[in-house]
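Here's the letter readout for the chains.
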Amino acid sequence: MLIFDAEGRFINKIHKLGKGPGEYLLLSDCNVNRYTGDVELLSAMGYVNVYDSLGKEFKKTFRLPDEVLAVDYFVNLTPQTYAFFSNSRSGNKMLIFSEKENKLIQDTYNLPDWLLRKTTLKHNRSPFYIYDDTVCFTQVYDGKVFNLSPEPPYLSSRYALNFDDKTLDLSVIPPDKEIDFYMNFVRNLKSKYAIQFFIYAENSRYYFTRFTYRNKPHHLILDKQNNGFFLFEKFKEGFQCFPLCIDEEAVYCCASVNFLSFILAPELLDQENLEKYENIKEDDNPIIVKYTFRREHG
């Protein structure tokens with residue numbers, strides 16, 4: 001894990017492979033604890049290493065119960081309560097865990113094992129995001145968004161995206177087939193349904209998601225202020241968008257150097273940013289690109 005300041009200057013990295021104190025194997029996710037500021041690294045083998053905010057001091061390790069294996073993503077629900085998600089666990093995929101009590105409180109959210117193990121309708125990034133101190137959980141195959149609580153009922157509806165007959169119902173997918181079958185079947189689904197909601201972000205006015213429809217990437221922005229929406233393939237300038245996060249001012253995308261041409265054009269940059277662009281080297285770290293919201297005047 002690499003840590004940078006707001007100006008992009010390198011501060012520190014956490015790179016401690018092994019089985020000793022402060023070391024880890026098979027990292028699957030990272031988290032900045034919003035209550036403590038600590039950096040938390042999740043191993044798929046079922047434990048979390050905790051470091052200070054700069055990654056310089058190892059503080060502790062806490063483990064999930066032995067029966068919990070292969071966890072992929074996690075998030076804080078309270079200072080000492082976490083939700084974990086697994087793409088490969090049988091039965092319920094979401095686990096609510098109390099670090100304070102050192103026990104599994106609940107497991108929930110049952111999906112067919114074949115869906116996550118054999119198809120591309122599974123999470124390839126964290127299904128959790130936080131907005132206004134609410135933990136949100138996204139459903140990758142149809143774009144539904146839920147509020148996630150540390151108390152029952154754990155999941156409640158936040159956004160139920162409705163694409164009419166283009167909304168995917170899992171009943172149209174035959175169960176328990178081989179991987180090759182699903183590879184071809186999902187290609188067909190992409191031409192008929194809005195699926196693969198892999199990217200999502202939210203601010204006080206907008207909910208932003210990217211998905212696949214008619215075998216092309218599409219973007220949907222819900223305007224929470226007036227219940228309207230914007231649906232588009234590319235920005236007016238001709239670029240796709242891969243939102244890492246959004247705030248009240250802008251959408252932020254993260255791209256490798258060789259991918260920059262897909263998300264910006266140097267002729268649109270002001271002089272200061274053009275100079276930054278021209279000084280980018282092939283072996284530079286990924287670049288954060290900021291798209292500022294345009295204020296319309298009527």
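Residues numbered from 1 in each chain as written. Predicted model: local features only at pLDDT ≥ 70, side-chain atom pairs only at ≥ 80, totals over all residues. Heavy atoms only, no water.

Moving on, we get to unusual backbone geometry. Following Pro152, the chain continues into Pro153 via a peptide bond in cis, with omega recorded as -10 degrees. The backbone of Leu26 sits at a positive phi, close to 55 degrees, despite the residue not being glycine. Considering the arrangement of structural elements, one finds Leu26 in the loop between strand 2 (10-13) and strand 3 (27-32). The phi dihedral of Asp176 is positive, around 55 degrees, even though this residue is not glycine. Tracing the backbone through its elements, the reader meets Asp176 in the loop between strand 14 (155-159) and helix 2 (179-192). Owing to a relative accessible area of 59%, Asp176 belongs among the exposed residues under this scheme. (Helix = DSSP H or I, 4+ residues; strand = E, 2+ residues; numbered from the N terminus. Buried < 20%, exposed > 50% of the residue type's maximum accessible area, 1.4 Å probe, protein only.)

A few words now on the sheet that holds strand 3. Pairing within the open sheet is antiparallel, and its four strands lie in the order 3-4-5-6. Edge positions in the sheet fall to strand 3 and strand 6 (58-63), since each of these pairs with one other strand and no more. Put simply, the sheet's adjacent strands are angled 20 degrees from each other on average, direction ignored. In terms of strand pairing, strand 5 (residues 47-51) meets strand 6 through five bridges, oriented antiparallel. Its bridge partner being in strand 6, Asn49 is matched across the sheet by Thr61. (Pairing = 2+ DSSP bridges. Axes fitted to C-alpha atoms, helices over the stretch in contact; angles between N-to-C directions.)

Now for the layout of surface pockets. A volume near 210 Å³ is recorded for the second largest pocket. Lining the second largest pocket are Tyr159, Leu161, Asn162, Phe163, Leu220, Leu222, Asp223, Lys224, Asn227, Gly228, Phe229 and Leu231. Contributions of two or more residues to the lining of the second largest pocket are made by strand 17 (216-223) and strand 18 (228-232). By residue class, the composition of the lining of the second largest pocket is seven nonpolar, three polar and two charged. (1 Å grid on protein atoms, 1.4 Å probe; cavity = no way out; pocket = protein on both sides within 12 Å on 5 of 7 lines; lining within 4 Å. Points joined across faces, edges and corners; volume = space filled by probe spheres on them. Nonpolar A, V, L, I, M, F, W, Y, C, P; charged D, E, K, R; others polar.)

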